[in-house]
Amino acid sequence: MTRRQTGVLLCLPALLLLAVAFVWPMAILARMSLNETADTGALVPALSLATYTRLASDSFTWQIAWDSLVLAAGSATVATLLAYPMALFLFRTKSRYRNLLAIVAIAPLLVSGTARVIGWMAILGDGGMINAGLRLLGIPTQHLINNWTGVRIGLAESVMPYTVLALLAGFGRLDHALEEAAATLGAGPFFRFWRVTLPLTLPSVTAGWMLGFVLAISAFITPHLMGGGRVFVLATEIFDAATQTLDWPAAAALSVAALAGLSALMLLQSLVARRGSV
Amino acid sequence: MAYLELRNLARSYAGRPAVRDVSLNVERGTLVALLGASGCGKTTTLRMVAGLEAPDAGRIVVDGRDVTSLAPHRRRMGVVFQSYALFPHMDAAGNVAFGIQMHGAPRAARATRVAEMLALVGLSEHAGKKPRQMSGGQQQRVALARALAIEPDVLLLDEPLSALDAKLREDLRVEMRAIQRSTGATTLFVTHDQAEALAMADLVAVMDAGRIAQLGTPEAVFERPETAYVAAFVGRSARFSGVIRESRIDVADISIAAPGLPASGRVDVFVRPHRISVLRAGDVADNTIEGTLDAIDYTGEVAQLLVQSPCGRFPVDLATADGTWRDLRPGDKLRLGWHAADTLWFEAP
């Protein structure tokens, strides 16, 4: 058996699973998006782009697409900024508690999304910990949940563990001797970070951010529960179209368009990353 | 007063001492080698001088200034790391420029200095190459140029040649020594390779278990080792253990003549293989030993013989220039001899 054949064989189980669990449903989804919806709301089998044109001509579609992008980018940025120092510390520490710390860092993954949101409600709610504290200090209380702020906080927190993992995986290139070399050449802590550590970890920062972005833009539970019905993003809109208004072609068309848009973004990112790699 | 002084340095890791008590003076412009097996504390010593490890005890003094508690970036130590630690995202010129930039040289002066340094190591044409586009030898030169570019108070070399293959190692050894001499850099050089230490250093400090076992010229540590450890570590030897009797050393069925023996005691005997000669019928020597030739390996300048005797198996180096090695076959009975003065002995522990 040639090396190539071995490779194909090794990938086969995963490819089969993907075909059954992803490609096939996506095909159904794509087909569904080409159907039409009658004025009565009834599904009309067709092969047209009518649903797409209907959605594209609706400014609300563009508004939620833009809001989703901004929300996901913001949450991914906050998550990356918070995750970077943590990942750097985890990467460098020689503490015997390193593994324990790493588990703590990704512990949120062990809790169901719903439970996490309920936890946030206890903290951010109008009668929650933070507002209770503000009241105690005589500071006006803030609306921290059931709005965009709440969703932003919740999303940043929920994607951060993934960002930490992505960063840690990319830090392998960072050899401690490089920072030592920079120090012996006269670079203080700031220049060591700015000239050596940061440039060498930048590819994993982009990868971590991208992962956070993709997860945030496709998140449903957090915007749905922490938005209090006031936050409209692509995922909630698709859910509503599919389950509330029962406009399946619209739900399918939005999904396909979102998938295409995200794929294009990721392709662009990988092209840029390849050009910028050392 | 010495330019670089290490005074009673000590350092332990998790209760295990790596460096016990190292004191060493390095004169301005000289190259001192720290030679020892892995784990002897030589690299820890170097890292303490660089400021990358803090000593538990002791002082580091450069030109009369105590630098013990200074951070590495305030010390002006040029370090060539074993892995070179070149910045992978910068080209050769960028690597060399880094330290000059950090020391705040004006842009014009910086460019001149980078060009000078690259020329010094013969890499002017490779200024724009990234480390991964260069060979190991070229990377090593960039690392040296980068360390020298900051006009360091002390140049610290941590096994700088160990990652290179044998031939290149010898060439670069000569080249590095020439560059060190021409720049007058006071240098501390860590190596486990005794040939490297002997060839390059003005003084060799042989380290053993966190201490300096002997400090001396290359010739002194090789010809006149002060401890059995140094004799065993630097160079190869025929080794016997014996007992002193009537001002000679009894080993199995022979009696060895050696200079300056005490009245009694157990001793370990070392004789350098190239000091032992194969005796022909009628030849006499201060010390003779008979044995059977086990193996003979031609290595170029010498043929390495392995001889089995009642005192044990030992190596003999036979110069190949006269061609006598060609007549020897494994199994031959040989009579070997050496001068009494070539017998190195140490009281057994």
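Parameters at a glance
- Residues numbered from 1 in each chain as written.
- Chains lettered and ligands numbered in written order.
- Predicted model: local features only at pLDDT ≥ 70, side-chain atom pairs only at ≥ 80, totals over all residues.
- Heavy atoms only, no water.
- Helix = DSSP H or I, 4+ residues; strand = E, 2+ residues; numbered from the N terminus.
- Expected span 1.5 Å × (residues − 1).
- Bend = angle between axes of the 7 residues up to and from the residue.
- Polar contact = N/O pair within 3.5 Å; in protein donor to acceptor, adjacent residues only side chain to side chain.
- pLDDT = per-residue confidence, 0-100.
- Axes fitted to C-alpha atoms, helices over the stretch in contact; angles between N-to-C directions.
- Parallel < 35°, antiparallel > 145°, perpendicular 65-115°, else oblique.
- Contact = heavy atoms within 4.5 Å.
- Nonpolar A, V, L, I, M, F, W, Y, C, P; charged D, E, K, R; others polar.
- Core = buried A, V, L, I, M, F, W, Y, C linked by side-chain atoms within 4.5 Å.
- Buried < 20%, exposed > 50% of the residue type's maximum accessible area, 1.4 Å probe, protein only.
- Pairing = 2+ DSSP bridges.
- Buried area = accessible area lost by both parts, 1.4 Å probe.
- Salt bridge = Lys/Arg side-chain N within 4 Å of Asp/Glu carboxyl O.

1. Quick look at helix α3 (residues 59–92) of chain A
Residue and element names in this part refer to chain A. Given a rise of 1.5 Å per residue, 34 residues ought to cover 50 Å, and the 49 Å separating the end C-alpha atoms of α3 matches this to within 8%. Along its length, α3 shows its largest kink, about 30°, at A83, and proline P85 lies within four residues downstream of that point. One side-chain oxygen of the residue at the start of α3 lies 3.0 Å from the amide nitrogen of F60, identifying that residue as D58.

2. Side note on the confidence of the model for chain B
On average, chain B scores 94 in pLDDT, and the residues at 70 or more come to 100%. Of all helices and strands in chain B, the one with the weakest mean pLDDT is helix α5 (residues 166–183) of chain B (91), whereas strand β3 (residues 31–35) of chain B scores best (97).

3. Details of the packing of helix α5 (residues 113–124) of chain A against helix α6 (residues 129–137) of chain A
All names here are of chain A. Packing of α5 against α6 leaves a shortest axis separation of 4 Å and a crossing angle of 5°. In terms of orientation, α5 and α6 fall into the roughly parallel class. For the pair α5 and α6, the contacting residues are A122, I123 and L124 in the first and M129, I130 and N131 in the second. Taken together, the residues of the contact of α5 with α6 break down into 5 nonpolar, 1 polar and no charged.

4. Re the nonpolar core
In terms of nonpolar packing, the biggest core is built from 76 residues, with L4(B), L6(B), L24(B), F87(B), F98(B), L156(B) and L188(B) touching the most fellow members. For this core, the element with the most residues is α3(A), which contributes 9 residues. Sequence-distant contacts of L156(B), that is, excluding residues within four places in its chain, are made with L46(B), V49(B), A50(B), M77(B), G78(B), V79(B), V80(B) and L188(B). One finds A33(B), L155(B), L161(B) and A201(B) within the second-largest nonpolar core, a separate group that totals 41 residues.

5. What about the sheet that holds strand β18 (residues 312–319) of chain B?
All names here are of chain B. An order of β15-β19-β16-β17-β18 is seen for the 5 strands of this open sheet, with the pairing classed as antiparallel. Here the strands that pair on one side only, and so sit at the sheet edges, are β15 (277–279) and β18. With strand direction ignored, the average angle separating the axes of adjacent strands in the sheet is 50°. Bridging between strand β16 (residues 287–298) and strand β17 (residues 302–309) involves 6 bridges; their strand directions are antiparallel. Pairing of A295 across the sheet is with L306, part of β17.

6. Topic: the interface of chain B and chain A
Note: interface size is frequently given as the accessible area lost on complex formation between the parts. Counting residues at the interface gives 23 residues for chain B and 20 residues for chain A. For the chain B and chain A pair, buried surface summed over both sides reaches about 1900 Å², with 69% attributable to carbon and sulfur atoms. Our count for the contact surface shared by chain B and chain A stands at 1 salt bridge. The salt bridge partner of R47(B) is E180(A), with a shortest N-O separation of 2.6 Å. For the side of chain B that touches chain A, the secondary structure elements donating two or more residues are β6 (77–80) and α2 (92–102) of chain B. When residues of the side of chain B that touches chain A are assigned to their parent elements, the largest contribution, 4 residues, is made by α2(B). Counted by class, the side of chain B that touches chain A contains 13 nonpolar, 6 polar and 4 charged residues.

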